[in-house]
Amino acid sequence: MFIIPTVRSFWRTLELDRPLRRDIALVALADGVVGVSFGAIAASGGQPTWVPLAMSPTVFAGGAQFAALYIVLGGGGLAAAVVAGLVLNARLLPFGFAVADVLDLRWPAKLLGSHLVLDESVAFALAQRDPARRRAAFLTCGVLLFVVWNVGTVAGVLAGRAVGNPDALGLDAASPMVLLALVLPTLRDPRARRAALLGAAIAVAGTPFLPGGLPVLLALLGLIAVGRSATGRPDTDRPGAGGRVPPRAEGRA
Amino acid sequence: MTLLAIMVLAGGTYAFRVCGPVLHRRVKLSEQVRWMLSVAATVLLCALVATSALTAGHSFAGWARPAGVLTGGVLAARRAPFIVAVVAAVATTAVLRLLGVR
C-alpha cells in the first residue's frame, strides 16, 4: 500500500530533474574526453598500463592526476608528484564541509559518497536550493563522473597516441565554463561575490610565482578579508551598497 | 609512478574529502565560521574558474580560452540554456584557434 505513493513521488522527482540530468550528462561527456586524454598521455608517456588504471578510480581528481603524471614524466621525483597532487586536492577539504548536509547518510553511504566530492559535483549541489535536489544532483553527478572518468581512462590507454589534442577542439574552455555557469547563482549574494572576485584576483596574481594548487587556496584570503570587514550581521544584504539585489531565481543549472 | 606513491596520493585525497562529512556534526561552529565555510566553496570554485580560464602552467593561457569562457559566461548570465552556453564557449575557443588566435 505504501509502494504506490513512494513510486509516484520518486517518478515525480525524476521528472523534475530531467533538465538537470541533461546538464550533468553534458558535463560528464566533457570530463570523459579529459579522462581519455589522461589515459592516452600516461600510456604514450611510457608509464605501465596499470598506473593510469590505478590512479583514476582511487585518486579520482583530474587536476591532481595530471599534475602528478606530468611531474613524473618530466623526470621529477615521486615525492614532488605526490605533494603537488595533495596541494591541488586540499580544496576538497572545505568542499567536503560545504556538502556535508548532502552526505548526512548512514556510515557506509557517507564514506562511499565522500569519494564523490569533486569540483563539479559540489558546484551542481550548491546550485540547488531544495535539499532533496541538492543530494540528487551531487550523487548523480558524482557517480556518473566516476564512471565516465574511468571508462575514459581505459579508452585513452587503449587508444594511446591515436588521440589528438583536445585543446584544438576548444575543450579546455569547457571546464572553467561549466564551473562558472554553476557558481553564478551563488554570486547574487553581494558579500560572496566580493569575496569570490577578490579571491580570484589573488589566485591569478599568484599563479606565475607559486606551485600549482596554492594560488587557488590563497583565494581564501579574499574570503577572510570580506568576512572580517563585515562582522556582525552575516545574512543581511545591503541594498544601496551594491545596487539592487535581484530576486533569487531557482537554481537551473 | 609506484604503487606506494599512488596509494599515498589517493589516501591523502580521500582524507581531504571525508573530513567535512564525518566531522561537521562533532565540531561546534560559530555562525561566522559556518558562513565562511559555505562561501569558501564559492570562492574556491571562482578561483578555479579564473586560473583555469586565464593561465596554463605558470603563464597566460592565450586569448582563445578566456574568450570562449567569457562568451559562455555572458550567455549563462543571460539565462541561455546550459548546453548552449557550454557549446558556445567550446566553439568560440576552437574557431579562434582555427583562425590562428593563440
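Computed from a predicted model, the values in this text were never measured in an experiment. (Residues numbered from 1 in each chain as written. Chains lettered and ligands numbered in written order. Predicted model: local features only at pLDDT ≥ 70, side-chain atom pairs only at ≥ 80, totals over all residues.)

## Observations regarding the overall build of chain A
How we decide: Working definition: helices are DSSP H or I runs of at least four residues, strands are E runs of at least two. Numbering for both runs from the N terminus. Every C-beta atom is placed from the backbone, and the number of other C-beta atoms within 10 Å of a residue's own sets its class: buried at 20 or more, exposed at 12 or fewer, partly exposed in between.
Helix and strand counts for chain A stand at 13 helices and 0 strands. Helices and strands in chain A line up, N terminus first, as α-α-α-α-α-α-α-α-α-α-α-α-α. By the burial criterion, 47% of the 253 residues in chain A qualify as buried.

## Considerations on the overall build of chain B
Worth spelling out the cut-off: Both definitions apply: the radius of gyration is a C-alpha atom measure, and the globule rule equals 2.2 Å times residues to the power 0.38.
Broken down by element type, chain B carries 4 helices and 2 strands. Starting at the N terminus and walking to the C terminus, you meet the elements of chain B as α-α-β-β-α-α. Here chain B has a C-alpha radius of gyration of 19 Å; the compact-globule value for 102 residues is 13 Å, and the former is much larger. Along the longest, intermediate and shortest principal axes, the C-alpha atoms of chain B span 55 × 40 × 25 Å.

## A short note on the domain arrangement of chain A
The parts lose accessible area when they come together, and the size of an interface is often stated as this lost area. Residues and elements named next belong to chain A. How we decide: For every domain, the bounds stem from an assignment made automatically or drawn from a database. Contacts here follow a simple rule: the backbone-placed C-beta atoms of the two residues must lie within 7 Å. For this classification, the nonpolar set comprises Ala, Val, Leu, Ile, Met, Phe, Trp, Tyr, Cys and Pro, the charged set comprises Asp, Glu, Lys and Arg, and every other residue, Gly included, is treated as polar.
By domain assignment, chain A separates into domain 1 (3-181) and domain 2 (189-243 + 249-253). Counting residues at the interface gives 12 residues for domain 1, matched by 9 residues for domain 2. Ranked by residues supplied to the side of domain 1 that touches domain 2, first place goes to helix 5 (residues 78-89) with 3 residues. The residue makeup of the side of domain 1 that touches domain 2, split by class, is 8 nonpolar, 1 polar and 3 charged.

## Focus on the nonpolar core
Using the following cut-off: Only buried Ala, Val, Leu, Ile, Met, Phe, Trp, Tyr and Cys residues enter a nonpolar core, and they are joined through C-beta atoms within 7 Å.
Counting 103 residues, the largest nonpolar core has A68, V99, V122, M177 and A219 of chain A together with V43 and A47 of chain B as the members making the most contacts within it. Here this core takes 13 residues from helix 2 (residues 31-54) of chain B, the largest share from any one element. With sequence-adjacent residues up to four places away left out, M177 of chain A is seen in contact with G68, V69, G72, G73, A85, V86 and A89 of chain B.

## Concerning the confidence of the model for chain A
Residues and elements named next belong to chain A. To keep it simple, the criterion reads: Scored between 0 and 100, pLDDT is the confidence that the predictor attaches to each residue.
For chain A, the average pLDDT comes to 81, and 82% of its residues sit at 70 or higher. Per-element confidence in chain A is highest for helix 3 (residues 50-58), whose mean pLDDT is 96, and lowest for helix 1 (residues 3-16), whose mean pLDDT is 49. Here residues 232-253 scores under 50 on pLDDT; set against residues more than four positions off or in separate chains, the count is 26 contacts.

## What to know about unusual backbone geometry
The residue F60 of chain A is not glycine, and still its phi comes out positive at about 50°. Here F60 of chain A is to be found in the loop between helix 3 and helix 4 (62-73). You can call F60 of chain A buried: it has 23 C-beta atoms within 10 Å. Despite not being glycine, R79 of chain B shows a phi value in the positive range, around 65°.

## A few points about helix 8 (residues 119-126) of chain A
Along helix 8 of chain A, 8 of the 8 residues are buried, which leaves the element largely enclosed by surrounding structure. Buried within helix 8 of chain A are the following residues: D119, E120, S121, V122, A123, F124, A125 and L126 of chain A. Contacts made by the buried residues of helix 8 of chain A are with helix 2 (18-44), helix 6 (92-98), helix 9 (131-159) and helix 10 (174-183) of chain A together with helix 2 of chain B.

## Overview of the environment of V148 of chain A
Residue and element names in this part refer to chain A. Along the polypeptide, V148 turns up in helix 9. Sequence-wise, V148 and A42 are 106 residues apart; in three dimensions their C-alpha atoms are separated by 17 Å. Those residues within four positions of V148 in sequence are excluded, and the remaining contacts are A28, D31, G32 and G35.

## Observations regarding the interface of chain B and chain A
Taken residue by residue, the interface counts 61 residues in chain B and 74 residues in chain A. Among the elements of the structure, helix 1 (3-23), helix 2, helix 3 (64-77) and helix 4 (82-98) of chain B are those that each provide at least two residues to the side of chain B that touches chain A. For the side of chain B that touches chain A, the element with the most residues is helix 2 of chain B, which contributes 22 residues. Taken together, the residues of the side of chain B that touches chain A break down into 40 nonpolar, 17 polar and 4 charged.

## Notes on the environment of A201 of chain A
You can see A201 of chain A is positioned in helix 11 (residues 190-206). Residue A201 of chain A is classed as partly exposed on the basis of its C-beta count, with 15 C-beta atoms lying within 10 Å.

## A word on the confidence of the model for chain B
Interpreting fine coordinate detail is not advised for predicted regions of low pLDDT. This prediction gives chain B a mean pLDDT of 89; 100% of its residues lie at or above 70. No element of chain B has a lower mean pLDDT than helix 2 of chain B, which averages 84, and none a higher one than helix 1 of chain B, which averages 96.

## A short note on the packing of helix 5 of chain A against helix 1 of chain B
Stated formally: Only the stretch in contact is used when fitting a helix axis, every axis being a line fitted to C-alpha atoms; angles between N-to-C directions are given from 0 to 180 degrees. Put simply, angles under 35 degrees are roughly parallel, angles over 145 are roughly antiparallel, angles from 65 to 115 are roughly perpendicular, and the rest are oblique. Throughout, a crossing is termed right-handed when the near helix is turned clockwise from the far one, and left-handed when it is turned anticlockwise from it by less than a right angle.
In the contact formed by helix 5 of chain A and helix 1 of chain B, the axes pass within 9 Å of each other and the chain directions differ by 15°. By the angle class used here, helix 5 of chain A and helix 1 of chain B are roughly parallel. Where helix 5 of chain A crosses over helix 1 of chain B, the handedness of that crossing is right-handed. Along its contact with helix 5 of chain A, which presents L78, A81, V82, G85, L86 and N89 of chain A, the element helix 1 of chain B presents A5, V8, L9, G12, T13 and F16 of chain B. Broken down by class, the residue content of the contact of helix 5 of chain A with helix 1 of chain B amounts to 8 nonpolar, 4 polar and no charged.

## Let's talk about the packing of helix 3 of chain A against helix 1 of chain B
Contact geometry for helix 3 of chain A and helix 1 of chain B: axes closest at 10 Å, N-to-C directions at 15°. Considering their axes alone, helix 3 of chain A and helix 1 of chain B lie roughly parallel with respect to each other. Regarding helix 3 of chain A and helix 1 of chain B, the two cross each other, and that crossing is right-handed. On helix 1 of chain B, the residues that touch A54, M55 and T58 of chain A of helix 3 of chain A are L3, I6 and A10 of chain B. Grouping the constituent residues of the contact of helix 3 of chain A with helix 1 of chain B by class yields 5 nonpolar, 1 polar and no charged.

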